[in-house]
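# Tertiary structure, described
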Amino acid sequence: MLNFELYNPTKLVFGKGQINKLSELVPKGAKILLAYGGGSIFKNGIHQQVIDNLKGFEIVEFSGIEPNPHFETLMKAVEVIKAEKIDFILAVGGGSVIDGVKFISGAVNFDGNPIDILQKHLLIKENAVPFGTVLTLPATGSEMNSGSVVTIAATQEKLAFGGSALFPQFSICDPTVIQSLPKRQLQNGVVDAFTHVMEQYLTYPHEGYLQDRIAEGILQTLIEVGPKVVDNPADYALASNFMWSCTMALNGLIQKGVPNDWATHMIGHELTALYGIDHARTLAIIGPNLYRVLFETKKEKLAQYGKRIFNLSGTVDEIANEAINKTVEFFHTMGMDTKLSQYTDDYSKTADFIVNRFDERGWKAMGERQNITLEKLKAIVEMSY
Ligand code: NZQ
Ligand code: ZN
C-alpha cells in the first residue's frame, strides 16, 4: 500500500430532520452569506427551513449560482462579502453551489487576481472564509471534500482547484431533500458517484485490498439502489443509501494509499465547457471509451471489477471486455446517452480542440501510469463521437 495522510475535518450531520441542528452548527453571532442557485430551494421549502433554523442570525442572501458555476458570478459574491463584512458562508444546494462557495471562500482574502486560483490550479491552504453546507443533490461529494470545479465563462474553461482550507466546516445531508429532484438529476447523481469510484479503483492491481472492497461496496450499492431511487425518491432506505454512497465515493477515503486516474473527469469537463452537457453525462460518454483505449493496462483491474461486481467468468480479456459492456448497459439503465453525437452535431473537431488545449496546459501524461498521451486522448474522444 502507498503511504498516505488522511485529513478530513468536515462534520457530517446525516439524516432526516437534521436541518434542525443548523443554528448549533453555525458559529455564534456570525453574519451569514446564504448562497444558493436558481431557486429550487424556494419550491421545495428548503429555503424556509434554513431561515426558520437561523433565527437571530444576520443573513445576507446571494442567489443565482448557476450549474457549473461561473467565475464571473462568484466574483460578485466576493464583493458582497467584502462590502457586508460577512464572516460565515452557508451553501444551500448541489455540487455547483457548494463548489461556487469554495471558490468564494478562497477568493475573498486571496492576494492577487482570483482567476489565478483556477488558471494556475492553486492550493488554498489558509485565509479562507469558513463555510458550511446544506446538501440538496447527492452526486459530487463536494459536501465532504476540499475540491471544486469552476467555469470561466469568458474563455469556456472549466477548471478544478482545491486545498486543505476548503473543507466545509459542516454539511447537513438530509436524504429527504431528493424528493424534489428531477429524474435527470437523480440519474446524474448516481453516474457521477459511480464514476468517482471508478477513477480511484479502475487502475491496476495493488495492495489496497480494503480500499478495493470499500470501492466495490459503493459500486454495488449504487447499482442496487440507483435505478430504483430514480422512480422512488421518497423511499428513505433508497434515498439514504444513495446519498451516503455519493459522499463516500469522494470524501477522500477510498483514494488513499492507491493509484488514481481522474482522466475521465478532465476530459469530461471539456465537454461541459464546450457544449454545456451535464457533468455526469460527459463521464458516461468518456469513461467506457477510456477503458477501451487503455484496455491493455487496465484489463486486470477491469477483470477484477467484472468478476466481483457483475459475476462474470472467462479469460481476463473476455471478462474485462464484458465488464465495459456491462458498465455501458448500467449507464443506459440510468438514462444516459453515451455518445457525443447524441448531444450535439458540432463534434467533428472536438478531439483536436481538446488535444490542443491539453497540450497547451502540459497535460500530456494523464492516468495512473501517466500513459494517457495526447495520441490516446485523441483516440478516446474520437471513439466517443
Ligand atoms: O440551481 P437550483 O435552482 O438550485 O437547481 C439545481 C440545478 O439546476 C437543481 N437542484 C439541486 N437540488 C435540487 C434541485 N432541484 C430540485 N430539488 C433539489 N433538491 O439541480 C440542478 C443541478 O445542480 P448542480 O449543483 O449543478 O448539480 P451537481 O450536484 O451534479 O453538481 C455538478 C457540479 O459539481 C462539479 C461538476 O463539475 C459540476 O460543476 N463537481 C464537483 C466535484 C467536487 N467538488 O468534488 C466533483 C465532481 O466530479 C464534479 O466535477
Ligand atoms: Zn464527477
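In this text, all values refer to a predicted model and were calculated from it rather than measured experimentally.

Calculation criteria
- Residues numbered from 1 in each chain as written.
- Chains lettered and ligands numbered in written order.
- Predicted model: local features only at pLDDT ≥ 70, side-chain atom pairs only at ≥ 80, totals over all residues.
- Heavy atoms only, no water.
- Helix = DSSP H or I, 4+ residues; strand = E, 2+ residues; numbered from the N terminus.
- Rg over C-alpha atoms; globule rule 2.2 N^0.38 Å.
- Buried < 20%, exposed > 50% of the residue type's maximum accessible area, 1.4 Å probe, protein only.
- Contact = heavy atoms within 4.5 Å.
- Near = heavy atom within 4 Å.
- Polar contact = N/O pair within 3.5 Å; in protein donor to acceptor, adjacent residues only side chain to side chain.
- Areas by Shrake-Rupley, 256 points an atom, 1.4 Å probe, with all protein chains shown as cover.
- Domains from an automatic or database assignment.
- Pairing = 2+ DSSP bridges.
- Axes fitted to C-alpha atoms, helices over the stretch in contact; angles between N-to-C directions.
- Core = buried A, V, L, I, M, F, W, Y, C linked by side-chain atoms within 4.5 Å.
- Donors = N, O, S within 2.8 Å, 3.2 Å for Na, K, Ca; no water.
- Buried area = accessible area lost by both parts, 1.4 Å probe.
- Salt bridge = Lys/Arg side-chain N within 4 Å of Asp/Glu carboxyl O.
- Expected span 1.5 Å × (residues − 1).
- Arc of directions from axis to C-beta.

This part covers the overall build of the protein chain. What the protein chain contains, in helices and strands, is 15 helices and 8 strands. A globule of 385 residues ought to have a C-alpha radius of gyration of about 21 Å, and the protein chain, at 20 Å, matches this closely. Seen along its three principal axes, the alpha-carbon backbone of the protein chain occupies a region of about 65 × 45 × 45 Å. When each of the 385 residues of the protein chain is scored for burial, the buried share is 58%. Within the protein chain, counting contacts between residues at least 6 apart in sequence, those at least 24 apart form 77% of the total.

With that settled, consider the site of ligand 1. Taken together, 33 residues lie near ligand 1, and Ser40, Gly95, Ser96, Lys158 and His196 sit nearest. Within the side chain of aspartate 99, one N or O atom sits 2.7 Å away from a nitrogen atom of ligand 1. For ligand 1, a nitrogen atom lies 3.0 Å from a polar atom in the backbone of glycine 147. Compared with its free state, where it exposes 970 Å², ligand 1 has 88% of that area covered by protein. Within the residue set of the shell around ligand 1, elements represented by two or more residues are α5 (95–107), β6 (147–152), α7 (183–201) and α10 (263–275). Two domains each donate at least three residues to the shell around ligand 1, and these are domain 1 (11–176) and domain 2 (183–383).

What follows deals with the sheet that holds strand β5 (residues 131–135). Read from one edge to the other, the open sheet built from 6 strands follows the order β1-β8-β5-β4-β2-β3, with strand pairing classed as parallel. This sheet does not close on itself; its edge strands, each paired only once, are β1 (11–14) and β3 (58–62). Between one strand axis and the next, the sheet turns by 20° as a mean value, whatever way the strands run. Across 3 bridges, β5 lies against strand β8 (residues 170–173) in parallel orientation. Looking at the pairing, valine 134 lines up with isoleucine 172 of β8. Across the sheet, helix α4 (residues 71–84) lies against β2 (31–36), β3 and β4 (88–93), angled at about 160° from β3, the strand it touches most. Most of the contacts of α5 go to β4, to which it runs at about 160°, and overall it touches β2, β4 and β5.

Attention now goes to the nonpolar core. Judged by nonpolar contacts, the single largest core of 122 residues is most densely connected at Leu90, Phe103, Ile104 and Tyr305. The element that contributes the greatest number of residues to this core is α7, accounting for 8 residues. Excluding residues within four positions of it along the chain, tyrosine 305 makes contact with Phe194, Met198, Tyr201, Leu202, Leu219, Phe310, Ala323 and Thr327.

We now examine the side chain of asparagine 53. As for its position among the elements, asparagine 53 is in the loop between α3 (46–52) and β3. Asparagine 53 gets classed as buried once you look at its relative accessible area, which sits at 15%. Here the side chain of asparagine 53 touches glutamine 49 through a polar contact of 2.7 Å, landing on its backbone oxygen. Here asparagine 53 is in contact with Ile19, Asn20, Leu22 and Ser23, once residues within four sequence places are set aside.

With respect to the helices and strands, leucine 283 occurs in helix α11 (residues 279–293). Residue classification places leucine 283 among the buried positions, given a relative accessible area of 0%. Along the chain, leucine 283 and aspartate 192 lie 91 residues apart, while their C-alpha atoms are 7.2 Å from each other. Discounting residues that sit within four places of it in the chain, leucine 283 has contacts with Asp192, Thr195, Thr264, His265 and Pro288.

Looking now at unusual backbone geometry. With a phi close to 55°, asparagine 68 is a non-glycine residue in the positive phi region. Here asparagine 68 is to be found in the loop between β3 and α4. In this structure, asparagine 311 takes a positive phi of about 55° despite not being glycine. With respect to the helices and strands, asparagine 311 occurs in the loop between α12 (295–310) and α13 (316–333). What makes asparagine 311 exposed here is its relative accessible area of 66%.

Around the zinc ion (ligand 2), the donor atoms from the protein are Asp192 (OD), His196 (NE2), His265 (NE2) and His279 (NE2), and they sit 2.0 to 2.1 Å away. Judged by its relative accessible area of 7%, histidine 265 falls in the buried class. A relative accessible area of 16% places histidine 279 in the buried class.

Our focus in this paragraph is the domain arrangement of the protein chain. Domain annotation for the protein chain reports domain 1 (11–176) and domain 2 (183–383). Listed per partner, the contact involves 25 residues of domain 1 and 23 residues of domain 2. Both faces considered, domain 1 and domain 2 share a buried interface measuring about 2100 Å² in area, 63% of it formed by carbon and sulfur atoms. For the domain 1 face of the interface with domain 2, the top three residues by lost area are Pro138, Gln156 and Lys158, together amounting to 27%. Put simply, domain 1 and domain 2 have 0 salt bridges between them. Run the count over domain 1 and domain 2 and you get 6 residue pairs in polar contact (both at pLDDT 80 or more).

Here the focus is helix α14 (residues 350–361). For α14, spanning 12 residues, the distance from its first C-alpha to its last is 17 Å, which sits close to the expected 16 Å at 1.5 Å a residue. Of all the positions in α14, only Thr350, Ala351, Ile354, Val355, Arg357 and Phe358 are classed as buried. Within α14, the buried residues cover an arc of 165° as seen down the axis, which keeps them to one side. Where α14 is buried, its residues contact β7 (157–162), α10 and α15 (374–383). Residue glycine 362 follows α14 closely and has a positive phi angle near 80°.

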